[in-house]
Amino acid sequence: MSTPVPAPRRRPSPRRPEWAGRNYVLLTAAAIVTNLGTHGALIAAAFAVLEAGGDGGDVGLVAAARTLPLVLFLLIGGAVADRLPRHRVMVAANALNCVSQAVFAVLVLAGDPQLWQMMLLTALCGTGQAFFSPAAEGMLMSSVSGEQASRAFALFRMAMNGAGIGGAALGGAMIAAFGPGWVLAIDAAAFAVAGGLRAFLDVGHIREREPGGGLLADLREGWQEFSGRPWLWAIVAQFSVVVAVVGAAESVYGPLVAQEELGGARPWGLALAAFGVGTVGGALLAMRWKPRRLLLVGTVCVFPLALPSAALAVPLPVGGLIAAMFVCGVSLEIFGVAWMTALHQEIPEEKLSRVSAYDWFGSTAMLPLSTALAGPAESVFGRSQALWGCAALVVLVTALVLLVPDVRQLRRRTKEVTAQAAVPVASSDAEGPAGRLG
């Protein structure tokens, strides 16, 4: 009697999607760890200043000490990230953040930290972030490919935002129970763990950079890539205004309206939580929805960012403000995924970090100025009028961006579009912007 041949074993189905490769998983895990620590540490830094005898002005100085080097060093960070292996830049930045937060924690736990010490250590954290962010964005974009890129970006952003919500909630509870020093220590440990994960990133698929003409030449090349694409510089210019006015409305006017009109800090905390939940919902939607004219849809989704300023200007009851913040979070996340997808498919890999640095720089450069001018604007125009002005500026600059043809026409790459683009075309415009619109 013949021995029956055993049926071949079925290969187990992969536990993760095909587009979620090793680098992507490591980057996502590291981002979750750092966001859990950082969002709690931002709250802890403010309470550390207050517990040391500082006032609101001192809290603002420490916050500005973080923002200023971030703006100053972003462009250099982008050039360095395109010149050196990106994972090494990320690990070095994480190491700087780890050390600075650890020293900050020791000073707070030991008691009586000085304002200048806290400003210096926070400035070091901002410097690390300036070098980390362009390298991280370039590394993430080079870790995914194909038509599933937008799904990968949506999942990554959802994980980051979810970790940020959890980190803020956990950090607030730990500050109340143990004090801000231990939260800062946990943030230092989170940077160490995340840096260890990022050290294992594989950069073998990234082509070695040819020797260039120096840092200034790299910056000039990045500027040419940035300024030569109307859709790119137009949206960055738009967000230089949007980020500035929304930041002023939510960081300066929001807490004041909540304190005087809505019953205190708790309603404002609920509104911020609704925004966070909205970002997670927007990421879930972006994982399934793939509009072909991705920048047109993304830009239309910027209009709802005017809703929180308008809700605060009225002011709406707490329920209305929560709804406005939730819609704002959903809309912002849909735009964010569309934006990352456009950068991924249109920008050459070897220039991603430099272009990302110009993006970050342009989007955040006006934020310190807008928050500084929020108080004087309230004195001159009144708080309600200043908030209506914030909402109107968001609507105005977004409408102006829709006048840019590339913003309306740039299409998501599909297999059909890619195949058509591969056919030789006699026109000299085939390699220009029009050739990339599908």
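Residues numbered from 1 in each chain as written. Predicted model: local features only at pLDDT ≥ 70, side-chain atom pairs only at ≥ 80, totals over all residues. Heavy atoms only, no water.

## Considerations on the overall build of the protein
Link 1 in the chain: When helices and strands are counted, the protein shows 17 helices and zero strands.
Link 2 in the chain: Counting all 438 residues of the protein, 48% fall into the buried class.
Link 3 in the chain: Within the protein, contacts between residues at least 6 apart in sequence are counted, and of these 89% link residues at least 24 apart.
Link 4 in the chain: Taken as a whole, the protein presents about 20700 Å² of accessible surface, with 67% of it coming from carbon and sulfur. (Helix = DSSP H or I, 4+ residues; strand = E, 2+ residues; numbered from the N terminus. Buried < 20%, exposed > 50% of the residue type's maximum accessible area, 1.4 Å probe, protein only. Contact = heavy atoms within 4.5 Å. Areas by Shrake-Rupley, 256 points an atom, 1.4 Å probe, with all protein chains shown as cover.)

## What to know about the confidence of the model for the protein
Link 1 in the chain: On average, residues of the protein score 80 in pLDDT, and 85% of them are at 70 or above.
Link 2 in the chain: Between residues 1–13, whose pLDDT stays under 50, and residues either more than four places distant or in other chains, the model counts zero contacts.
Link 3 in the chain: Predicted confidence for residues 416–438 stays below pLDDT 50, and this span has 18 contacts to residues more than four positions away or in other chains. (pLDDT = per-residue confidence, 0-100.)

## A few points about the pattern of salt bridges
Link 1 in the chain: The tally for this structure, following the rule as stated, stands at four salt bridges.
Link 2 in the chain: Where Arg-229 meets Glu-225, a salt bridge forms, and the shortest distance between an N and an O atom there is 2.3 Å. Of the two residues, Arg-229 and Glu-225, both sit in the buried class.
Link 3 in the chain: Each of Glu-225, Arg-229 and Lys-351 takes part in one network of salt bridges that share partners. (Salt bridge = Lys/Arg side-chain N within 4 Å of Asp/Glu carboxyl O.)

## Notes on the environment of Arg-293
Link 1 in the chain: On the secondary structure map, Arg-293 appears in the loop between α9 (265–288) and α10 (294–300).
Link 2 in the chain: Accessibility expressed as a relative area gives 33% for Arg-293, which makes it partly exposed.
Link 3 in the chain: Taking the C-alpha atoms as reference points, Arg-293 and Gln-409, 116 residues apart in sequence, are found 6.4 Å from one another.
Link 4 in the chain: Contacts of Arg-293, omitting those with residues within four sequence positions, involve Arg-408, Leu-410 and Arg-411.
Link 5 in the chain: One polar contact links the side chain of Arg-293 to the main-chain carbonyl oxygen of Arg-408, over a distance of 3.4 Å. (Polar contact = N/O pair within 3.5 Å; in protein donor to acceptor, adjacent residues only side chain to side chain.)

## So, empty space enclosed by the protein
Link 1 in the chain: Taken as a whole, this structure holds two cavities of 30 Å³ or more when the rule is applied.
Link 2 in the chain: Its boundaries defined by the atoms lining it, the largest cavity holds a volume of some 100 Å³.
Link 3 in the chain: Around the largest cavity sit 13 residues that line it, and Trp-289, Pro-291, Ile-334, Ala-338 and Arg-412 are the ones nearest its centre.
Link 4 in the chain: Mapped onto the lining of the largest cavity, the elements with two or more residues apiece are α9, α10 and α12 (318–346).
Link 5 in the chain: Here the element with the most residues in the lining of the largest cavity is α12; it accounts for four residues. (1 Å grid on protein atoms, 1.4 Å probe; cavity = no way out; pocket = protein on both sides within 12 Å on 5 of 7 lines; lining within 4 Å. Points joined across faces, edges and corners; volume = space filled by probe spheres on them.)

## Considering unusual backbone geometry
Link 1 in the chain: In this model, Val-314 is joined to Pro-315 through a cis peptide bond whose omega is -15°.
Link 2 in the chain: Residue position: Pro-315 is located in the loop between α11 (307–313) and α12.
Link 3 in the chain: Although it is not a glycine, Asp-112 adopts a positive phi angle of roughly 60°.
Link 4 in the chain: Mapped onto the secondary structure, Asp-112 falls in the loop between α3 (86–110) and α4 (115–142).
Link 5 in the chain: Asp-112 sits in the exposed class, given a relative accessible area of 59%.

## Some remarks on the environment of Leu-400
Link 1 in the chain: Along the chain, the position of Leu-400 falls in helix α15 (residues 383–401).
Link 2 in the chain: In this structure the C-alpha to C-alpha distance between Leu-400 and Ile-235, which are 165 residues apart in sequence, comes to 9.8 Å.

## Looking at the nonpolar core
Link 1 in the chain: Counting residues in each nonpolar core, the largest one holds 75 residues, and the members touching the most others are Trp-231, Leu-232 and Trp-339.
Link 2 in the chain: For this core, the leading source of residues is helix α8 (residues 230–262), giving 16 residues.
Link 3 in the chain: Dropping the residues within four chain positions of it, Trp-231 is found in contact with Leu-295, Trp-339, Ala-342, Leu-343, Glu-346, Val-404, Asp-406, Val-407 and Leu-410. (Core = buried A, V, L, I, M, F, W, Y, C linked by side-chain atoms within 4.5 Å.)

## Remarks on helix α7 (residues 215–227)
Three- or four-residue spacings in an α-helix give side chains the same orientation, since the helix completes a turn every 3.6 residues.
Link 1 in the chain: When the terminal C-alpha atoms of α7 are compared, their 18 Å separation across 13 residues agrees well with the 18 Å that a helix rising 1.5 Å per residue should span.
Link 2 in the chain: Within α7, burial applies to Asp-218, Leu-219, Gly-222, Glu-225 and Phe-226. Across the axial projection of α7, the buried residues extend over an arc of 120°, all falling on one side. Exposed and facing more than 90 degrees away from the buried side of α7 are Leu-216 and Gln-224. (Expected span 1.5 Å × (residues − 1). Arc of directions from axis to C-beta.)

## Focus: a nonpolar patch on the surface
Link 1 in the chain: On the surface, a cluster of nonpolar side chains totalling about 360 Å² of accessible area is made up of Ile-165, Val-277, Leu-307, Phe-326 and Val-327.
Link 2 in the chain: Structurally, Ile-165 can be placed in helix α5 (residues 149–178). (Patch = residues over 30% accessible without salt bridge, like charges linked within 9 Å, V, L, I, M, F, W, Y side chains within 5 Å.)

## What about the packing of aromatic side chains?
Link 1 in the chain: Taken as a whole and judged by the stated rule, the model has seven aromatic pairs.
Link 2 in the chain: A ring pair is formed by Phe-226 and Tyr-358, whose centres lie 5.6 Å apart and whose planes are at 25°; its orientation type is stacked. Of this pair, Phe-226 sits in helix α7 while Tyr-358 sits in helix α13 (residues 352–364); the two residues are 132 residues apart in sequence, bridging distant segments of the chain.
Link 3 in the chain: Taken together, a centroid distance of 5.7 Å and an interplanar angle of 75° make the contact between Trp-231 and Trp-339 edge-to-face. Residue Trp-231 is located in helix α8, and its partner Trp-339 is located in helix α12; the two are separated by 108 residues in the primary sequence.
Link 4 in the chain: The exposure class assigned to Trp-231 is buried, which follows from its relative accessible area of 3%.
Link 5 in the chain: By relative accessible area, Trp-339 is classed as buried at 8%.
Link 6 in the chain: The rings of Trp-231, Phe-239, Phe-335 and Trp-339 are connected pair by pair, giving a single aromatic cluster. (Phe/Tyr/Trp six-rings, centres within 6.5 Å; stacked < 30°, edge-to-face > 60°.)

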